[in-house]
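Examination of the molecular architecture
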Number of protein chains: 2
Amino acid sequence: MLLIKAGGGKDINWEGVCRDIAEIWTSEPVILVHGACAQRDELAARLSVPIRKVISPSGITSVYTDQEAIEVFLMAYAGLVNKQVVARLQRHGVNAVGLCGVDGGLWRAKAKKEILVLDGEKTKLLKSNLSGRVEKVNTELLRLLLDHSYLPAVCAPALSDENEIVNTDNDTASAVMAGALGIKKMVFLFEAPGLLWDADDEGSLIRRIDRLKIENALPFARGRMKKKILGVKRAIEAGVETVYFGDGRSVHPVKNALAGKGTVIY
Amino acid sequence: MLLIKAGGGKDINWEGVCRDIAEIWTSEPVILVHGACAQRDELAARLSVPIRKVISPSGITSVYTDQEAIEVFLMAYAGLVNKQVVARLQRHGVNAVGLCGVDGGLWRAKAKKEILVLDGEKTKLLKSNLSGRVEKVNTELLRLLLDHSYLPAVCAPALSDENEIVNTDNDTASAVMAGALGIKKMVFLFEAPGLLWDADDEGSLIRRIDRLKIENALPFARGRMKKKILGVKRAIEAGVETVYFGDGRSVHPVKNALAGKGTVIY
């Protein structure tokens, strides 16, 4: 079984991703997790809802989520992008079903109502945050769909233990999902050729990384890439054997990634 | 099995609807179809996307749907309201899964790319319309979920035969779904006590209507109520035996409707 996590950047080649999935799907079960940050940011701007990006004391970027922000999140992720991806997969003959982490308690998260963030040199505490970390996955629902030839197309948000809708990190959630399902192969697609030694130089691609040394990649990963590395670390701890980083902008995003044209964490 | 169609008006008592469903769910399978027109209209206004309401030559109101309109539709229906209803059902202990008609080809619609609309005294043809009429239902997916104790919470849009996302009428789709599943009992909830003889007088409630005479209700039904009457007519033709119209604003919307406090079409 293959778990594909496609980022939500505006240049992701969705047509290529879905075409590749349709080909793989004929011989292997696939779960797709997708982002939608470009559409989320665009919608938030049009609605004048601020996206409050914050940085944790350990340097990890995330979004402070209030009620208004979670509504924008639902609309962009679970509404717009999820259903557009499902329809596109249907056009390629894949009977996809779109779910967010709320559906059937698919992604159960421990709420993080209070978060510590950097404010210049200081740290401060933000309260009433609607986000959480996925800890449990409803694998029964995923298996039920896969066993009946439905491809689950999954996205955030998640459902907290108190059944509140909470923002969550897709990369971490994908890793937890992979672990829960005993998946051995994951593909991460984003708007870069793979993991770069120098984020400003697309030629500085790192072709292979020993999965036991993945943490060494943290110092030169920037911004959201730090989260992906942490996601990969979690996935490997959960039993994933090979992670393929690939360029979501290419003609064959998934096939190229699996062919080792990006970064292979082996 | 009970099919509940709850309208998308802003005064629908969702807490009451979900509480009633949780009680019924312990002894009977339930499918919920919900609208989201209030949230769709609000979102469209905030995004300055016009909602082009049109009237057919036979006097039926609908919405002309272009690409921008279908995106607003997806966000409000499949994103915002669907997942908020699912989370609310989860808080009441019901393991709901939210789907729109696109997921798994749940609602297959025949596209109506061109529609005739009234323009004053004349009729004119509007092209490039992204809407359709639901003709087929993926009952296998609904049964799969119900058989595994998941309550399907369903909404528009639908998927056309060419796998395009198309707006569709929820009332008609609910009727087709009821027929396909062999459902005998349906509840329609909206922002009125039931079918009114005089739409301006909430005291003019009609308590009972013989289902074979439902068409006689068309002349005094106004606006969206005409569609509900047509939906009921279709449902009855498809084998539904009793339809309960009830007040979605009441403390116990579903239970009151089933107790005959609105209009019973028997």
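Residues numbered from 1 in each chain as written. Chains lettered and ligands numbered in written order. Predicted model: local features only at pLDDT ≥ 70, side-chain atom pairs only at ≥ 80, totals over all residues.

All names here are of chain A. Spatial ordering of the open sheet is given by 9-6-11-12, a layout of four strands whose pairing is mixed. This sheet does not close on itself; its edge strands, each paired only once, are strand 9 (132-137) and strand 12 (165-166). Relative to strand 12, strand 11 (residues 158-160) is paired through two bridges, and the arrangement is antiparallel. Bridging across to strand 12, Ala158 finds its partner in Val166. (Pairing = 2+ DSSP bridges. Helix = DSSP H or I, 4+ residues; strand = E, 2+ residues; numbered from the N terminus.)

Attention now moves to unusual backbone geometry. With omega at 5°, the peptide bond leading from Ala156 of chain A into Pro157 of chain A counts as cis. By the element assignment, Pro157 of chain A lies in the loop between strand 10 (151-155) and strand 11. Here Ser149 of chain A, not a glycine, exhibits a phi torsion of approximately 70°, which is positive. Given 11 C-beta atoms within 10 Å, Ser149 of chain A falls into the exposed group. Phi at Ser48 of chain B takes a positive value of approximately 55°, unusual for a residue other than glycine. Mapped onto the elements of the fold, Ser48 of chain B is located in the loop between helix 2 (37-46) and strand 3 (52-55). (Buried ≥ 20, exposed ≤ 12 C-beta atoms within 10 Å, placed from the backbone.)

Once chain A is rotated about the relating axis by 180° and shifted along it by 0.0 Å, it coincides with chain B to within an RMSD of 0.0 Å. With respect to symmetry, the two chain copies, as superposed, fit the operation of a two-fold axis. For chain A, the minimum C-alpha distance to the rotation axis belongs to Gly79 of chain A and amounts to 1.7 Å. When the interface residues of chain A are mapped onto chain B, 100% of them are again interface residues, pointing to one common binding face. (Least-squares fit on C-alpha atoms with pLDDT ≥ 70 in both. Contact = placed C-beta atoms within 7 Å.)

Our focus in this paragraph is the interface of chain A and chain B. It is common to report an interface's size as the accessible area lost on association of the parts. Taken together, the 28 residues of chain A in the interface contact 28 residues of chain B. When contributions to the side of chain A that touches chain B are tallied by element, the ones reaching two or more residues are helix 3 (67-91) and strand 5 (96-100) of chain A. Counting residues per element, the side of chain A that touches chain B draws most heavily on helix 3 of chain A, which supplies 11 residues. Class assignment of the residues belonging to the side of chain A that touches chain B gives a composition of 14 nonpolar, eight polar and six charged. (Nonpolar A, V, L, I, M, F, W, Y, C, P; charged D, E, K, R; others polar.)

Here chain A averages 95 in pLDDT, while 100% of its residues score no lower than 70. In the predicted assembly, ipTM is 0.95 and pTM is 0.96. (pLDDT = per-residue confidence, 0-100.)

Our focus in this paragraph is the packing of helix 1 (residues 14-25) of chain B against helix 3 (residues 67-91) of chain B. Residue and element names in this part refer to chain B. For the pair helix 1 and helix 3, interaxial distance at closest approach is 9 Å and the crossing angle is 50°. Relative to helix 3, the element helix 1 lies oblique. You can see that helix 1 and helix 3 cross each other, and the crossing is right-handed. Contact residues: helix 1 offers Trp14, Cys18 and Ile21, while helix 3 offers Val85, Arg88 and Leu89. Per-class residue counts for the contact of helix 1 with helix 3 are five nonpolar, no polar and one charged. (Axes fitted to C-alpha atoms, helices over the stretch in contact; angles between N-to-C directions. Parallel < 35°, antiparallel > 145°, perpendicular 65-115°, else oblique. Left-handed = near helix turned anticlockwise from the far one by under 90°.)

Moving on, we come to the pairing of strand 15 (residues 242-247) of chain B. On any regular strand, side chains alternate: one points to one face of the sheet, the next to the other face. All names here are of chain B. Burial within strand 15 is extensive, with five of its six residues counted as buried. Where strand 13 (residues 185-190) meets strand 15, six bridges bridge the pair, whose relative direction is parallel. Along strand 15, the bridge assignment pairs Leu189 with Gly246. Looking at chain direction, strand 15 and strand 16 (residues 263-265) are connected through three bridges and run antiparallel. Bridged to Tyr244 within strand 16 is Val264.

Attention now goes to the environment of Arg249 of chain A. Residues and elements named next belong to chain A. By the secondary structure assignment, Arg249 is in the loop between strand 15 (242-247) and helix 7 (253-258). Between the C-alpha atoms of Arg249 and Pro29, which are 220 residues apart in sequence, the distance is 23 Å. Setting aside its immediate chain neighbours within four residues, Arg249 contacts Asp11, Ile12, Asn13 and Glu191.

Residues and elements named next belong to chain A. Relative orientation of the contacting elements helix 2 (residues 37-46) and helix 3 amounts to 130°, with a least axis distance of 9 Å. Classified by the interaxial angle, the pair formed by helix 2 and helix 3 is oblique. Taken as a pair, helix 2 and helix 3 cross one another with a handedness that is right-handed. Across the interface between the two elements, Gln39, Arg40, Leu43 and Ala44 from helix 2 touch Val72, Phe73, Met75, Ala76, Tyr77, Leu80 and Val81 from helix 3. A per-class count over the contact of helix 2 with helix 3 returns nine nonpolar, one polar and one charged.

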